[in-house]
Amino acid sequence: MLSTEPRHYYRRMEEDTDYRIRFSSLCFFNDHIGFHGTIKSSPSDFIVIEIDEQGQLVNKTINEPIFKISEIQPEPNNFPKKTKLDLQNLSFEDGRNQEVNTLVKYTDGDQNHPSGSEKEDTISDGTSKCEEKADVLSSFLDEKTHELLNNFACDIKEKWLSETELIGLPLEFSVGRILDKNQRASLHSAIRQKFPFLITVGKNSEIVVKPNLEYKELCHLVSEEEAFDFFKYLDAKKENSKFTFKPDANKDHRKAVHHFVNKKFGNLVETKSFSEMNCSTGNPNVVITVRFREKAHKRGKRPLPECQEGNVIYTAFTLRKENLEMFEAIGFLAIKLGVIPSDFSYAGLKDKKAITYQAMVVRKVTPERLKNIEKEIEKKRMNVFNIRSVDDSLRLGQLKGNHFDIVIRNLKKQINDSANLRQRIMEAIENVKKKGFVNYYGPQRFGKGRKVHTDQIGLALLKNQMMKAIKLFLTPEDLDDPVNRAKKYFLQTEDAKGTLSLMPEFKVRERALLEALHRFGMTEEGCIQAWFSLPHSMRIFYVHAYTSKIWNEAVSYRLATYGARVVEGDLVCLDEDIDDENFPNSKVHLVTEEEGSANMYAIHQVVLPILGYNIQYPKNKVGQWYHDILSRDGLQTCRFKVPTLKLNVPGCYRQILKHPRNLSYQLMEDHDIDVKMKGSHIDETALSLLISFDLDASCYATVCLKEIMKHDVLN
């Protein structure tokens, strides 16, 4: 057991100059001698299998049918390269008391527009919506108010068409008070759909109508019919729909449109440019397509029935990958399926240098389509199986844990250890099996960069230093390879376009950031938009890396200061069945002086907070340590929210000790080494260890192995 004299078990955290040094400086809980060995000699030596919430291994084949063709719903085709545009000549009739007659030029996620009778459904639907909005206005507004609203709208439009200022005109018009919330929401939407060049504002149940200045600004960039349709599209917030501007051969002009849309509505939609062949000239044109960001429209104040998630397709599957970074795997799948990386959800991150199995869900893709790409993704060392329809996405932490099958090779005794190697191995494993290990976050959480760790990027994001975070992300290592040459070029020139041409295709995150920087510029606002090019799970990952680093330092300080005793001011978890970090403050108890003196609690019950806005700190030296660290890092006033990136960090608690479960092990002779030499006994260096165990979610096998071996297992 850990001594109450901390100096024997705690070594001061060294500078973060190298990740190996960083993780060799963490303290141990057990006092056995340990042994040497290497892991991850090949991906097959490190197998990780996710355990779902029901306690089942996700690599087991599900016995139910994978999917039934008859149950597959019609699905949008999301491949940008097949985009076809609706280039109808839309007319706009302007005049007092005249209805606006136009078709909304966007599609329900289908860029391959049907023709003939199939197309009629889209057209009639758009027309009926316009008529429906007119009926809503008539039902809520009396005849005089309706007429005054039309007059107000037409006065605004006439002034704008004549390109004169709104001098002399009232700048707002009240349609009166509507007490019923649902009726009020319907009226807001009806006015905006009929008059997209107006906006509506609520004031104590009163609806006030004003000119939409953003509409006027867009009219300077595109035709009025396009601006009209674009704002109708925005207000409708229809799930899976896309809006397409007319073809535009002028690159600078397209860039201006991209910039306008993303600056004004970047938190709601995203834009992309696609080539479109001009049939009359044989030359490719480029079009700008707009689509809603994932679930962003749900944050609106007045969601419409058609915005709900009921009709969205979700397909679950098990992903097997080998020696492949998870985000790279998702990027490759997204390209093959014609969706974006944020359409994928998962319960946890997995190692790169390993064979891993994990549950995933992808939106807007049917089981049939996923099944069709099986052969293509095998070339990328990926497989998908257990493909089936489900009702919703996964969320981070939605798992019970992970199962590990690990081979440790090149087994050797510690220097100057005269004991039997087999005995040392058995002693070490049984010790950790019984007493547990310090529940540190493993090195995967922080990346293998020698110059920049992910936690440094997270700290910059928490301090709203967006440009600094981008530069940290793109800081090269001292290696002469294409990736680091590209990064070096960027830091020297800030030329995003040139860097893109140098950056390899497989660096999905780097290329996404660079594409956004090329579009928006290397400004603070441009850097914000660049971070938005990554899914929320990736953005929050960097902040979590910082809070994880602080937790690692905190637990080392706690053990060095108080050892294995539970003392006054410690925080303990009162629920013995807790196996994750998402337990509420009500489950956390502050140890009193009397309880500490009476030894009422055991060390495995002690928890430490992971930084956030909804946690309590220990009321002893450890609590003061937290406050000193926040001051050191310039976060004294940090609320652990980054509104510009829509990141909220409530914080949680983590047990300082964990135990491996279902642990088994076997020593094997390494058949690659000839052990049958004349007169020899089995050489201890010719042994390999196969060890299997389960860990709770967010626990690291490398940390458990480090405690067992008392040796750096990183390679």
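Every value quoted in this text rests on a predicted model; they were computed, and no experiment measured them. (Residues numbered from 1 in each chain as written. Predicted model: local features only at pLDDT ≥ 70, side-chain atom pairs only at ≥ 80, totals over all residues. Heavy atoms only, no water.)

S.K.: So what exactly am I meant to see when it comes to unusual backbone geometry here?
M.R.: Outside of glycine, negative phi angles account for most residues, and trans bonds account for most peptide bonds. For asparagine 599, which is not a glycine, the phi torsion comes out positive at approximately 50°. Positioned with a positive phi, asparagine 662 is a non-glycine residue whose angle comes to about 50°. With respect to the helices, strands and loops of the structure, asparagine 662 is situated in strand β23 (residues 661-669). (Helix = DSSP H or I, 4+ residues; strand = E, 2+ residues; numbered from the N terminus.)

S.K.: Explain the nonpolar core to me, please; I cannot follow it from the model alone.
M.R.: Side chains of a nonpolar character, in soluble globular proteins, are inclined to be buried together. Counting residues in each nonpolar core, the largest one holds 133 residues, and the members touching the most others are Phe317, Ile406, Ile470, Trp531, Tyr626, Phe693 and Ile708. Among the elements that line this core, the one with the most residues is helix α18 (residues 536-562), at twelve residues. Among the nonpolar cores identified, the runner-up in size contains 38 residues, and Phe173, Val222, Leu234 and Phe260 belong to it. (Core = buried A, V, L, I, M, F, W, Y, C linked by side-chain atoms within 4.5 Å. Buried < 20%, exposed > 50% of the residue type's maximum accessible area, 1.4 Å probe, protein only.)

S.K.: Help me out: how do you make sense of helix α12 (residues 454-462) in this one?
M.R.: One full turn of an α-helix is made of 3.6 residues, so residues set three or four places apart face in the same direction. With eight of nine residues buried, α12 is to be regarded as a mostly interior element. For α12, the set of buried residues is Thr454, Asp455, Ile457, Gly458, Leu459, Ala460, Leu461 and Leu462. In the stretch just after α12, asparagine 464 is the one whose phi turns positive, near 60°.

S.K.: Please explain helix α6 (residues 224-236) as it appears in this structure.
M.R.: Between the first and last C-alpha of α6 there are 18 Å, a value that for 13 residues agrees with the 18 Å anticipated at 1.5 Å per step. Listing the buried residues of α6 in full gives Glu226, Ala227, Phe228, Asp229, Phe230, Phe231, Lys232, Tyr233, Leu234, Asp235 and Ala236. Looking one or two residues beyond α6, the residue adopting positive phi is lysine 237, at roughly 50°. (Expected span 1.5 Å × (residues − 1).)

S.K.: Is there a simple way to explain the sheet that holds strand β18 (residues 606-610) in this structure?
M.R.: The pairing of strands in a sheet happens through backbone hydrogen bonds and is either parallel or antiparallel. Reading across from one edge, β17-β16-β18-β21 is the order of the four strands in this open sheet, with antiparallel pairing throughout. Edge positions in the open sheet fall to β17 (588-590) and β21 (652-655), since each of these has one partner strand only. Between one strand axis and the next, the sheet turns through 50° on average, direction left out of account. Pairing of strand β16 (residues 571-573) with β17 involves three bridges; the strand directions are antiparallel. Paired with leucine 571 across the bridge in β17 is leucine 590. Contacting β18 and β21, α18 runs over the sheet at an angle of about 145° to β18. (Pairing = 2+ DSSP bridges. Axes fitted to C-alpha atoms, helices over the stretch in contact; angles between N-to-C directions. Contact = heavy atoms within 4.5 Å.)

S.K.: Would you explain the pattern of salt bridges in this entry?
M.R.: Oppositely charged side chains are able to pair whenever their charged atoms sit close together. In this structure the tally under the stated criterion is 29 salt bridges. Glutamate 322 is paired through a salt bridge with arginine 320; the nearest N and O atoms lie 3.8 Å apart. Here arginine 320 falls in the buried class, since its relative accessible area comes to 19%. Taking the shortest distance from any N to any O, the salt bridge between arginine 424 and glutamate 427 comes out at 3.3 Å. With arginine 424 and glutamate 427 both in helix α11 (residues 421-435), this residue pair falls three residues apart, about one helical turn. Owing to a relative accessible area of 34%, glutamate 427 belongs among the partly exposed residues under this scheme. Each member of the salt-bridge network shares a partner with another, and the members are Glu270, Arg291, Asp343, Arg363 and Lys364. (Salt bridge = Lys/Arg side-chain N within 4 Å of Asp/Glu carboxyl O.)

S.K.: How should I be thinking about the packing of helix α16 (residues 508-520) against helix α17 (residues 524-532) in this particular structure?
M.R.: Two measures define how a pair of helices packs: the angle their axes make with one another and the distance between the axes. Running from N to C, α16 and α17 cross one another at 145°; their axes reach a closest spacing of 8 Å. Of the two elements, α16 crosses α17, and the hand of that crossing is right-handed. Mapping the contact onto sequence places Leu513, Ala516, Leu517 and Phe520 in α16 and Gly526, Cys527, Gln529, Ala530 and Trp531 in α17. Taken together, the residues that form the contact of α16 with α17 break down as seven nonpolar, two polar and no charged. (Left-handed = near helix turned anticlockwise from the far one by under 90°. Nonpolar A, V, L, I, M, F, W, Y, C, P; charged D, E, K, R; others polar.)

S.K.: I keep staring at the side chain of glutamine 398 and nothing clicks. Help me out?
M.R.: Here glutamine 398 lies in the loop between β13 (382-390) and β14 (401-413). In terms of polar contacts, glutamine 398 uses its side chain to reach the backbone amide nitrogen of arginine 395, at 3.0 Å. Leave out the neighbours within four places in its chain, and glutamine 398 touches Glu53, Ala347 and Ser393. (Polar contact = N/O pair within 3.5 Å; in protein donor to acceptor, adjacent residues only side chain to side chain.)

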